[in-house]
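Below are the chains, spelled out letter by letter.
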Amino acid sequence: MHFHRRREFDLPADRITDEKAWATRRAFLKGLGLGGLALAASRTLPSLARAAGALDEAALARTIEITRSRPLAALHPARRDDAFAVQRELTDEMVAARYNNYYEFSPRKSEVWRRARDFQPWPWEIEVTGHAERTGRFDLEKLIRDLGVEERVYRFRCVEAWAMTVPWTGVPLSRLLQRFGPTSRARFVRFLSFDRPAQAPGQEEQDWYPWPYYEALHIREAMNELSLAAVGIYGHPLPNQHGAPLRIVVPWKYGYKGAKGVVRIDLVEEKPATFWNDLAPDEYGFLSNVDPGVPHPRWSQATERLIGTDEEVPTRLFNGYGKWVARLYPEQAGKAE
Ligand SMILES: Nc1nc2c(c(=O)[nH]1)N[C@H]1C(S)=C(S)[C@@H](COP(=O)(O)O)O[C@H]1N2
Ligand SMILES: [Mo]
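Residues numbered from 1 in each chain as written. Chains lettered and ligands numbered in written order. Predicted model: local features only at pLDDT ≥ 70, side-chain atom pairs only at ≥ 80, totals over all residues. Heavy atoms only, no water.

Q: An account of the overall build of the protein chain is needed here, citing residue identities and associated values.
A: A count of helices and strands for the protein chain gives 13 helices and 12 strands. Partitioning the contacts of the protein chain with sequence separation of at least 6, the portion at a separation of at least 24 is 71%. Accessible surface, the protein chain: about 17100 Å² in total, of which carbon and sulfur atoms supply 54%. (Helix = DSSP H or I, 4+ residues; strand = E, 2+ residues; numbered from the N terminus. Contact = heavy atoms within 4.5 Å. Areas by Shrake-Rupley, 256 points an atom, 1.4 Å probe, with all protein chains shown as cover.)

Q: Which residues make up the site of ligand 1, and what are the values?
A: Neighbouring ligand 1 are 19 residues, the closest being Tyr103, Glu104, His242, Gly258 and Lys260. Residue Asn101 places a main-chain N or O atom 3.3 Å away from a nitrogen atom belonging to ligand 1. A distance of 2.9 Å separates an oxygen atom of ligand 1 from a polar atom in the side chain of Arg247. In isolation ligand 1 exposes 540 Å². Once the protein is present, 98% of that is buried. Put simply, ligand 1 lies in the largest pocket. (Near = heavy atom within 4 Å. Polar contact = N/O pair within 3.5 Å; in protein donor to acceptor, adjacent residues only side chain to side chain. 1 Å grid on protein atoms, 1.4 Å probe; cavity = no way out; pocket = protein on both sides within 12 Å on 5 of 7 lines; lining within 4 Å. Sits in = over half its atoms within 2 Å of the grid points.)

Q: Just give me the short version of the layout of surface pockets, but keep the residues and values in it.
A: In this structure, the largest pocket occupies an estimated 450 Å³ of space. Lining of the largest pocket is provided by 26 residues; of these, Asn101, Tyr102, Tyr213, Tyr256 and Trp276 occupy positions nearest its centre. Split into classes, the residues belonging to the lining of the largest pocket amount to 16 nonpolar, 5 polar and 5 charged. Taken as a whole, the second largest pocket holds about 300 Å³ of empty space. Lining the second largest pocket are 19 residues, and of these Tyr254, Gly285, Ser288, Asn289 and Val294 lie nearest its centre. Of the residues belonging to the lining of the second largest pocket, the class tally is 9 nonpolar, 6 polar and 4 charged. (Points joined across faces, edges and corners; volume = space filled by probe spheres on them. Nonpolar A, V, L, I, M, F, W, Y, C, P; charged D, E, K, R; others polar.)

Q: If you had to explain the sheet that holds strand E6 (residues 214–218) to someone new, which residues and values would you point to?
A: Strand order in the open sheet formed by 5 strands is E2-E1-E10-E5-E6, with mixed pairing between adjacent strands. What marks the edges here is a single partner per strand, and that holds for strand E2 (136–139) and E6. Averaged over neighbouring strand pairs, the angle between their axes works out to 20 degrees when direction is ignored. Pairing of strand E5 (residues 188–193) with E6 involves 5 bridges; the strand directions are antiparallel. Residue pairing for E6: Phe191 is matched across the bridge by Glu215. With respect to the sheet, helix H7 (residues 140–147) is in contact with strand E1 (125–130) and E2, its orientation differing from that of E2 by roughly 70 degrees. (Pairing = 2+ DSSP bridges. Axes fitted to C-alpha atoms, helices over the stretch in contact; angles between N-to-C directions.)

Q: Before we move on, could you go through the nonpolar core and cite the residues and values that matter?
A: Ranked by size, the top nonpolar core spans 81 residues in total, and within it Trp168, Leu173, Leu176 and Phe191 carry the most contacts. In contact with Trp168, other than residues within four places in its own chain, are Glu150, Glu151, Arg152, Tyr154, Phe156, Leu228, Ala230, Gly232, Ile233, Leu238, Arg247 and Val249. In this structure, Ala59, Leu60, Ile64 and Ala97 belong to the second largest nonpolar core, which totals 5 residues. (Core = buried A, V, L, I, M, F, W, Y, C linked by side-chain atoms within 4.5 Å. Buried < 20%, exposed > 50% of the residue type's maximum accessible area, 1.4 Å probe, protein only.)

Q: Account for the pairing of strand E11 (residues 303–306), with residues named and values stated.
A: The two faces of E11 differ: Glu304 and Leu306 on one face are buried, but Thr303 and Arg305 on the other face are not. As paired elements, strand E4 (residues 162–172) and E11 share 2 bridges and run parallel to each other. Its bridge partner being in E11, Trp162 is matched across the sheet by Arg305. Bridging between E11 and strand E12 (residues 312–314) involves 3 bridges; their strand directions are antiparallel. Paired with Thr303 across the strands is Pro314, a residue of E12. The hairpin formed by E11 and E12 contains 5 residues between the paired strands, and Gly308 there has a positive phi angle of roughly 105 degrees.

Q: So what's going on with the confidence of the model for the protein chain? Residues and values would help.
A: For the protein chain, per-residue confidence averages 90 on the pLDDT scale, and residues scoring 70 or more make up 87% of the total. Across residues 1–29, confidence stays below pLDDT 50; counting only partners more than four residues off in sequence or on other chains, it has 9 contacts. (pLDDT = per-residue confidence, 0-100.)

Q: So what about the packing of aromatic side chains? Which residues, and what values?
A: In this structure the tally under the stated criterion is 28 aromatic pairs. Grouping aromatic residues by their ring pairs yields a cluster made of Tyr103, Trp208, Tyr209, Trp211, Tyr213, Tyr214, Tyr256, Phe275, Trp276 and Tyr284. Geometry around Tyr99 places Lys109 over its ring, the cationic atom sitting 5.7 Å from the centre. Of note, Lys257 hangs over the ring of Phe286, and the distance from its end group to the ring centre comes to 4.1 Å. (Phe/Tyr/Trp six-rings, centres within 6.5 Å; stacked < 30°, edge-to-face > 60°. Lys NZ or Arg CZ within 6 Å of the ring centre and 35° of its normal.)

Q: Before we move on, can you summarise the pairing of E5 with the specific residues and values?
A: Counting buried residues along E5, 6 of its 6 residues qualify, which places the element largely inside the surrounding structure. Pairing of E5 with strand E10 (residues 262–268) involves 6 bridges; the strand directions are antiparallel. By the bridge assignment for E10, Phe191 is matched with Ile265.

Q: Go over the side chain of Asn100, please, and point to the residues and values.
A: As for its position among the elements, Asn100 is in the loop between helix H5 (93–96) and helix H6 (112–115). There is a polar contact of 3.2 Å between the side chain of Asn100 and the backbone oxygen of Ala96. Excluding its chain neighbours within four sequence positions, the residues that come into contact with Asn100 are Lys109, Val112, Trp113, Gln241, His242 and Lys260.

Q: Break down the pattern of salt bridges for me, citing the residues and quoting the values.
A: Scanning all chains against the criterion turns up 25 salt bridges. Salt-bridge contacts for Arg305 lead to Asp310; the nearest nitrogen and oxygen are separated by 3.0 Å. In this structure Arg305 comes out as partly exposed when scored by relative accessible area, which is 23%. Connected through shared salt-bridge partners, Asp56, Glu57, Arg98, Glu111 and Arg114 make up one network. (Salt bridge = Lys/Arg side-chain N within 4 Å of Asp/Glu carboxyl O.)

This is the structure in structure tokens:
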């Protein structure tokens, strides 16, 4: 009886009526029968992948589109200041929007945009503390409207040896800081990012990092005309993955020196600790000026890869901005180029 049933099971009824289905199932039962399955998959996966890719691309485009109805959208696109023009093609916006470093959301660059979608950047307040005449909490929308914005195309260089060229919209950081009236005791400026694990899965999951993200500049670096408090990119407000609603851009330094999602600015006398320097002091310094002659302990900085085209180009001292900043670093400026 028992034996008989098993024999019935061993002889599939569909062998004659549906040879193909039987063959597929048999391949599967043989243990992921790689030959047969791979053949079947090779016929369906490319079209599935294409469909998934198109859905993904649409979802990515939405992260950009929604910024056009956010506060400050009407200030975009802003007048471009050509004093900072660079001889490089702009990076494709859709490439930059899906290749991000933002550990609050994910340590994987390709995942940041997706995992940052629930973040709520408005309303937003900036807290200012320390050695300044006007400290306290300021509404970001009002602050930016009062100060006005402009557009600047900058090269952008990550310490990981990739680079992009993007148009930022923002307020010169010096103009923003002057608004608070820093006193002569303010020798450094510290930037603190948000702390919202409920909206930022990377903060929730990676509890070994000392959140929130903190970075700092010397006051003379912060006051340099290149330093930008950016609220927009590519002619619209910042999408979440690029640091909405406010991030710092210091184009002659490695990317991590510019904090995203800034909630607090401290004007301080002592040199502040910084996030990546605390985590790996041998790999990430306080100064972190782009310099082809100073390799990262694990890779060379002599060249950089342009995202989008994957072209490899020589790295330039101060990322090509020596004209603006070399005088701040006589030692570094003297030894190269
Ligand atoms: N708060 C915060 N700011 C951050 C980072 C981060 O992980 N968290 N990553 C930095 C690094 S390493 C780079 S290269 C840039 C990336 O900016 P982008 O994604 O807009 O290109 O953001 C910088 N600012
Ligand atoms: Mo970076």
